[in-house]
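Chains, contacts and geometry: an overview
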Amino acid sequence: MPTIDLGPDPLALDRQVCFALSLASRGVIAIYRPLLEPYGLTHPQYLVLLALWDRSPRSVRDLAETLRHEPATLSPMLKRLESLGYLTRARSARDERALAVELTDKGRELRKEAEKIPYRVVEALGMELSELEALHAALSRVLAATQKTPGDTSPVS
């Protein structure tokens, strides 16, 4: 394994990946805020809808796994989205222990409006699409590396 050289000050704040990711995350989410506000949505609620636009109905457990949340964390978001008329929650006919989440007509119609949001975000960032695609690929590798189990020394691909 090659030697890692982090320079003279490995704790310099402006060189920390965690700091850059934290600031970038807050900045990008701030771009979404005014775009989602007309629909009464927060960014986490928007992520729930993205998952449901991908596939609906879904169980709460499936949504939680997809979004990497605890089911208890999702519950208030789902209640709020239900009160806005975007989805329904009901016990699964196949398994009464499972709660099924399904888009309403209003939730499906919102997708047409939401399709404009990614374009507005790209414009606001002022970056080339190829740069954003490369960033997404790099972040996907970071996510894969952070999903490794402790003690797992297998290489990340």
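Predicted model only: the values in this text are computed from it and were never measured.

Before going further, it helps to spend a moment on the overall build of the protein chain. If you tally the helices and strands in the protein chain, you get seven helices and three strands. Of the regular secondary structure in the protein chain, the N- to C-terminal order runs α-α-β-α-α-β-β-α-α-α. A compact globule built from 157 residues should have a C-alpha radius of gyration of about 15 Å, whereas the protein chain, at 19 Å, is more than 25% larger. Dimensions of the protein chain, computed from the C-alpha atoms along their principal axes, are close to 60 × 40 × 25 Å.

On to the pattern of salt bridges, then. Applying the stated rule across the entire model yields six salt bridges. For R89, the salt bridge is made with E82, and the minimal N-O distance between the two is 2.9 Å. A salt bridge links D105 to R108; the shortest N-O distance between them is 2.6 Å. Placement of both D105 and R108 in helix α5 (residues 105-114) is noted, with a separation of three residues, approximately one turn of the helix. The exposure class of R108 is partly exposed, given its relative accessible area of 41%.

Let us look at the environment of Y32. By secondary structure assignment, the location of Y32 is in helix α1 (residues 17-36). Classification of Y32 by relative accessible area gives buried; the value is 13%. Separated by 109 residues in the primary sequence, Y32 and R141 place their C-alpha atoms 24 Å from one another. Ignoring anything within four residues of it in the chain, the contact list for Y32 reads H43, Y46, I117 and V121.

Rules behind the numbers
Residues numbered from 1 in each chain as written. Predicted model: local features only at pLDDT ≥ 70, side-chain atom pairs only at ≥ 80, totals over all residues. Heavy atoms only, no water. Helix = DSSP H or I, 4+ residues; strand = E, 2+ residues; numbered from the N terminus. Rg over C-alpha atoms; globule rule 2.2 N^0.38 Å. Salt bridge = Lys/Arg side-chain N within 4 Å of Asp/Glu carboxyl O. Buried < 20%, exposed > 50% of the residue type's maximum accessible area, 1.4 Å probe, protein only. Contact = heavy atoms within 4.5 Å.

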